[in-house]
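One-letter residues, chain by chain:
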Amino acid sequence: MNYLTLIMAIPLFGAALIATLPQSKSLLAKQLALGTTLIAAAATIAMTMKFERENTALQFVESYDWIKAFGIKYAVGVDGIALVLILMTALLTPIVILAGWNESEGGRWSTKTFYILILVLQTMSFGVFAATDVFLFYVFFEAMLVPVYFLIGGYGSGERSAAAVKFLLYSLLGGLLMLASIIALYVLSGEQGGHTFNIAALSQLEMSSTTENFLFLGFFIAFAIKAPLFPFHTWLPDAAKSATPGTSVLLLGVLDKVGTFGMIRYCLAIFPEATKTFTPLIITLSVISILYGAFLAIGAKDIKRLIAYTSISHFGFITLGIFAMTTQGHSGATLYMFNHGFSTAALFLVAGWMISRRGSSTIADFGGLQRVTPVMAWSFFIAGLSSLALPGLSSFVSEFLVLVGTFTRYPVAAVIATFGIVLAALYILIPVQRALHGATEPGNENLKDLNLREKIAIAPVIAVIVLLGFYPAPVLNIINPAAAQVISQMGFSDPAPTHGGK
Amino acid sequence: MSEFISPVLSYSLLSPILVVFGGAIIGVLIEAFAAKSVRPVAQISVTIGTLVLSLVQVWRIRDSGSTSAAMGSVIIDGPGVLLQASILIIAILAVFLIADTENFAAAAAAIPGSPEERESIARGQQMTEVFPLTLFAVAGMLLFPIASDLITLFVALEVLSLPLYLMAGLSRRRRLLSQESALKYFLLGAFSSAFFLFGAAYLYGYSGSVTFGGIRTAVIGGTGNDVFLLVGIAFLSIGLLFKVGAVPFHAWSPDVYQGAPTPVTAFMAAATKVAAFGAMLRIYYTSFANAEWSWRPLLVDIAIITMVFGSLVAIAQRDVKRMLAYSSIAHAGFLLAGVIALNKAGLDASVYYLFAYGVATVGAFAVVTLVRDSAGEVTDLNRWAGLGKRSPWVATSFATFLLAFAGIPLTSGFIGKFSIFSAAYEGGATAVVIAGVLSSAIAAFFYIRVIVLMFFSDPLEDATSVVIPSALTRITVLFSVAVTIFLGVFPSPLLDFISNIAIFIR
């Protein structure tokens, strides 16, 4: 069964259905959108069950000619890494829709348009993870900017259109650099036995090391902007602050993962030699991201900006894990992508509810929420603890794996990165203390606690965070073979653990 | 004295051009003898009928390559036929816009503000000369890309240019601006024609032949005086680069785009580019191909400057027609990449790009004709603010065209850009590709700014409104949107068709 095409078609079908509704039926549009994403989630779970964990080849492969003149195919397929990211996308989207039930109402356009954009974005997110043809990947990579752009600019708050434009221009610049590299790959493949965009075929290309370095940079800068890695991160805080909480979850949780996923799938696979050349630089940038993001987060006064900065720090860990070139690092990085999706979702959704109730996103305006709205406060607290990687919550496992994986090859970087954990405690616990504890700030006395819909939305997120914290095996078992495969294809083997002199 | 040989003409192969000439002459007769009340309907039907008939003829001759259709003066081959078809489709779409005669002067010959003009407006006169003029221009454009000697090329150039000079001056509103643009276009066009002729003379001096084949043989033989060849190529190129609006020969285009009636701008921007690039591709790919060392480096520089300049200056524009003019300059730079590529892929890509870009351009200008206030079209971009709120469909169509110009995937512009840049890279012009990608990023900025303005800004409180499109204008916009998206998602049929038949006969 063509699972991948099916799960990509479901949201698109739902979007078409919503498009036929009259403007006035906004409730029906919401219900349809929720229903569609739930069906897509169910289909994705069914696909995950069918996935053969030990098989490192691409699975659920489909391939049809698309533009024959250029050797472009509609080719999809997943390995363990792509699968968990698709699963994450499928699970997060219905949660986002349910959690942000009334998000679309402050927008420029109708509720209908909002959900059409969300569903189209979901299709493209699936496509971007599933594509095994570089051209197809690029098409999804660029085309998904359009719905996000309209989601931020049309339904966000504050300086929304400026933030949307900044987001789009940064991404387009990166995308065009990648396009130049893709064109070069296309021509090279034509010279070496026929035009193709198949990743496996492209990884066999022979090129001079100068060419390889330049092409690598074209891809890497695009992904570093997307991820975002220091110094390409400046668009993120603005976009995350202006977008609705649900859009922010999709932006940081799903879209930004395309950057780190792309590094594994494209940079490492197609340019193994250039990867080795640039690894020291990228490790350095990752460590800077971890610390810089953390410091900015400590200084942040706005909740949404705070979460965006923490993400910069977390993405630093993910790239560190990827470029450490050990299986633990790789497994940790992919698990981190999955977990970060859920912990950021929890933070953003609860922060969104706090902000919409209080009418302000400044941390100092909150205080004593623990007494007024205990459920909301506890949810935020757990999400925060997951973000700072408390043992027993999901992020701990991934952060630990990344650090262990890095230490065996780059001990100095690992040691410095570990300080990121200390800083994480600061940037989470300070706002928790200010917003949740202490005396109730004037204006907060009558805030309402979470209602049933919101509880239903946040419960599965927290459940995933806690369950994967205690028992990460279900996800790790999917990731590990794929991660090991990437490392062995790169020609690396894990360094033997060294014992300190005994 | 040599014996006079009576010319042998293949009328069926020339029929696309002859049909259009015939239609134009009928149009002139209608203008002279038909009653005023029936003129508009008669003119529109004759014009559309002629163009459709011509398109049918083009389809019928698509596989019949021939160098002897007119005593070696024209070559009928795949690229020529494809470009003719593109020109005709674009012309039909543009005529649909021209049919909305609201945009045209009541009496073109009257001096702006004169009593005669007031009188003719008061009498509700509407001129219809524009239709035969359009057909004459189309006939010249059809001849331009298939001409295979310098004399025919020059005649075609003049036949297509002279009606356009007149048409640029026909605007009903802002008459002075329109007439100024017509004069500017004419004077600079006359200059460039002179350069063109000068270059042609040198090439004749170099090769002793005016046919492309003769020049090609001389270039391959390499026995002529290279100075003549270089001067000839340089001056001929100036004439052609002027027509496509490449920097530094672009100065006319923003003024003319702005001053001319918008339907004429649409026609000129799209169809002239196809014709001029068609001729350019033929002459560079056949006659000058073996002298690439002499023109390619310079053309690379011109392409890079054109892309970067067009994209940068477009950012500063506050008028939608001027913005589109600079955008078309940038696109001329991208298209030059296809000439520089000098390979089969470059030819295919250029033909595809010209068609996709031409259709999107007509569509974009069609939208411009719809945004009006009581004094006519509103081209000030600030007053387009909030268009998405008031007329979502019109704004969405315009956004589609802008995204295609910006080369966003799933639009025809992206496939065009990809194919032309990959051909250029294959041809070794890495610098052009890098400049193209960077200027695309710059260009994206001003396209997106317009989208922001339409969708994310609140409407100004003034009387800017979108008129209900006439049925014909609606067809143009819808067709252009459909083609733009279809060619972005399923480009294969057209790409395969082009690559199968686009082979120059030398």
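Residue positions are given per chain, counting from 1 as you read along its sequence in written order. Chains carry letters and ligands carry numbers; both start at the beginning, A for chains and 1 for ligands, and go up in the order they are written. The predicted origin of the model limits local features to residues at a pLDDT of at least 70 and limits the giving and counting of side-chain atom pairs to 80 or more, whereas totals for whole chains, interfaces and linings rest on all residues.

1. What about the overall build of chain B?
So, point 1. A run of H or I in DSSP counts as a helix once it spans at least four residues, and a run of E counts as a strand once it spans at least two, with each numbered from the N terminus. If you tally the helices and strands in chain B, you get 20 helices and three strands.
So, point 2. As a reference, a globule follows 2.2 Å times the number of residues to the power 0.38, and the radius of gyration itself is taken over C-alpha atoms. What you see for chain B is a C-alpha radius of gyration of 22 Å, in line with the 23 Å of a compact globule of 506 residues.
So, point 3. Principal-axis analysis of the C-alpha atoms gives chain B an extent of 70 × 55 × 40 Å.
So, point 4. Comment: burial labels come from other C-beta atoms within 10 Å of the residue's own C-beta, placed from the backbone, where a count of 20 or more is buried, 12 or fewer is exposed, and between is partly exposed. Counting the 506 residues in chain B, one finds 60% classified as buried.
So, point 5. By definition, residue pairs are in contact when their C-beta atoms, positioned from the backbone, come within 7 Å. Contacts in chain B between residues far apart in sequence, at least 24 positions, make up 80% of those at least 6 positions apart.

2. Observations regarding the overall build of chain A
So, point 1. A tally of regular secondary structure across chain A gives 20 helices and two strands.
So, point 2. C-alpha atoms of chain A, sized along the principal axes, occupy 70 × 70 × 40 Å.
So, point 3. Considering chain A as a whole, with its 502 residues, one finds that 62% of them fall into the buried category.

3. So, the sheet that holds strand β3 (residues 465-466) of chain B
Residues and elements named next belong to chain B.
So, point 1. The strand order across the open sheet built from three strands is β2-β1-β3, with neighbouring strands paired in antiparallel fashion. Pairing within the sheet leaves two strands with one partner each, and these edge strands are β2 (376-377) and β3.
So, point 2. Whether two strands pair comes down to DSSP finding at least two bridges between them. For strand β1 (residues 371-373) and β2, the ladder comprises two bridges, and the chain directions are antiparallel. Across the sheet, residue Arg 372 finds its bridge partner in β2, namely Glu 377.

4. Points about the interface of chain A and chain B
So, point 1. At the junction of the two partners, chain A supplies 26 residues and chain B supplies 24 residues.
So, point 2. If you list the elements that add at least two residues to the side of chain A that touches chain B, you get α5 (134-143), α6 (145-155) and α7 (160-191) of chain A.
So, point 3. With 15 residues, α7 of chain A is the largest single contributor of residues to the side of chain A that touches chain B.

5. Description of the nonpolar core
So, point 1. Throughout this description, the term nonpolar core refers to a group of buried Ala, Val, Leu, Ile, Met, Phe, Trp, Tyr and Cys residues whose C-beta atoms join them within 7 Å. Ala 94, Ala 337 and Ile 340 of chain B are the most contacted members of the largest nonpolar core, which has 398 residues in total.
So, point 2. Beyond its immediate chain neighbours, meaning those up to four positions away, Ala 337 of chain B contacts Ala 303, Ile 420, Phe 421, Ala 424, Ala 429, Val 432 and Gly 436 of chain B.

6. A word on the confidence of the model for chain A
So, point 1. Values of pLDDT, ranging from 0 to 100, describe the predictor's confidence in every residue of the model. Per-chain confidence: chain A averages 84 in pLDDT, with 98% of residues scoring 70 or above.
So, point 2. The lowest-confidence element of chain A is helix α15 (residues 369-372) of chain A, averaging 76 in pLDDT; the highest-confidence one is α5 of chain A, averaging 90.

7. Side note on the pairing of strand β2 (residues 72-78) of chain A
All names here are of chain A.
So, point 1. The element β2 is largely enclosed, with a buried count of five among its seven residues.
So, point 2. Pairing geometry for strand β1 (residues 59-67) and β2, over six bridges, is antiparallel. Following the sheet pairing, Gln 59 is matched in β2 by Val 78.
So, point 3. Hairpin connection, β1 to β2: the antiparallel pair is bridged by four residues, and Gly 71 has positive phi, about 70°.

8. Quick word on the packing of helix α13 (residues 320-341) of chain B against helix α14 (residues 344-370) of chain B
Angle between the axes and distance between the axes are the two parameters that describe a pair of packed helices.
Residue and element names in this part refer to chain B.
So, point 1. Contact geometry of α13 with α14 gives a least axis separation of 9 Å together with a crossing angle of 170°. Taken together, the axis directions place α13 and α14 in an arrangement best described as roughly antiparallel. On α14, the residues touching Val 320, Lys 321, Leu 324, Ser 328, His 331, Leu 335, Gly 338 and Ala 341 of α13 are Ala 345, Gly 346, Ala 349, Ser 350, Tyr 353, Leu 354, Tyr 357, Thr 361, Ala 364 and Val 368.
So, point 2. In this count, Pro and Cys sit with the nonpolar residues alongside Ala, Val, Leu, Ile, Met, Phe, Trp and Tyr, while Asp, Glu, Lys and Arg are called charged and the others, Gly among them, polar. Classifying every residue of the contact of α13 with α14 gives eleven nonpolar, six polar and one charged. Interaxial angles span 0 to 180 degrees and are taken between N-to-C directions of axes, which are lines fitted to C-alpha atoms, for helices over the stretch in contact. In these notes the angle categories are as follows: under 35 degrees is roughly parallel, over 145 is roughly antiparallel, 65 to 115 is roughly perpendicular, and the rest is oblique.

9. Topic: the packing of helix α3 (residues 78-98) of chain B against helix α19 (residues 471-489) of chain B
All names here are of chain B.
So, point 1. Two elements in contact, α3 and α19, have axes separated by 7 Å at closest approach and are oriented at 145°. You can see that α3 and α19 cross each other, and the crossing is left-handed. Contacts between α3 and α19 involve Leu 93, Phe 96 and Leu 97 from the first element and Leu 472, Thr 473, Ile 475, Thr 476, Phe 479 and Ser 480 from the second. Note on convention: near helix rotated counterclockwise from far helix by under a right angle means a left-handed crossing. Clockwise means right-handed.

10. Describing helix α5 (residues 130-143) of chain B
So, point 1. An ideal rise of 1.5 Å per residue puts 20 Å on 14 residues; α5 of chain B measures up with 20 Å between its terminal C-alpha atoms.
So, point 2. Of all 14 residues making up α5 of chain B, 14 are buried, and the element is well covered by its neighbours. Helix span, as expected, comes to 1.5 Å for every residue beyond the first.

11. A look at unusual backbone geometry
Trans is the prevailing form of peptide bonds, just as negative phi is the prevailing case for residues other than glycine.
So, point 1. Between Phe 230 of chain A and Pro 231 of chain A the backbone carries a cis peptide bond, its omega angle lying at 5°.
So, point 2. Mapped onto the elements of the fold, Pro 231 of chain A is located in the loop between α9 (209-226) and α10 (235-242).
So, point 3. With an omega dihedral of 5°, the bond running from Val 247 of chain B to Pro 248 of chain B counts as a cis peptide bond.
So, point 4. Its location among the elements puts Pro 248 of chain B in the loop between α9 (226-244) and α10 (252-259).
So, point 5. Not every positive phi belongs to a glycine, and Met 325 of chain A is a case in point at roughly 60°.
So, point 6. Along the chain, the position of Met 325 of chain A falls in the loop between α13 (303-323) and α14 (327-358).
So, point 7. Owing to 26 C-beta atoms within 10 Å, Met 325 of chain A belongs among the buried residues under this scheme.

12. Let's talk about the environment of Leu 162 of chain B
So, point 1. Summarising the element assignment, Leu 162 of chain B is placed in helix α6 (residues 150-168).
So, point 2. Spatially, the C-alpha atoms of Leu 162 of chain B and Phe 136 of chain B are 9.0 Å apart, while their sequence positions differ by 26 residues.

13. Points about the confidence of the model for chain B
All names here are of chain B.
So, point 1. Averaged over all residues, the pLDDT of chain B is 87; the fraction at 70 or higher stands at 95%.
So, point 2. Mean pLDDT across the secondary structure elements of chain B bottoms out at β3, with 71, and peaks at α5, with 93.
So, point 3. Listed scores for the predicted complex are pTM 0.89 and ipTM 0.84.

14. With respect to the environment of Ala 190 of chain B
All names here are of chain B.
So, point 1. Position of Ala 190 relative to the elements: it lies in helix α7 (residues 175-207).
So, point 2. Ala 190 sits in the exposed class, given 12 other C-beta atoms within 10 Å.
So, point 3. Residues Ala 190 and Glu 158 lie 32 residues apart in sequence; the distance between their C-alpha atoms is 9.2 Å.

15. Structural notes on α7 of chain A
Residues and elements named next belong to chain A.
So, point 1. Spanning 32 residues, α7 covers 46 Å between terminal C-alpha atoms, matching the ideal 46 Å at 1.5 Å per step.
So, point 2. With 26 of 32 residues buried, α7 is to be regarded as a mostly interior element.
So, point 3. Looking one or two residues beyond α7, the residue adopting positive phi is Gly 193, at roughly 100°.

16. With respect to the environment of Phe 223 of chain A
Residue and element names in this part refer to chain A.
So, point 1. Along the chain, Phe 223 turns up in helix α9.
So, point 2. Separated by 34 residues in sequence, Phe 223 and Lys 257 have C-alpha atoms that sit 9.2 Å apart.
So, point 3. Apart from residues no more than four positions distant in its own chain, Phe 223 is found in contact with Gly 259, Gly 262, Met 263 and Cys 267.

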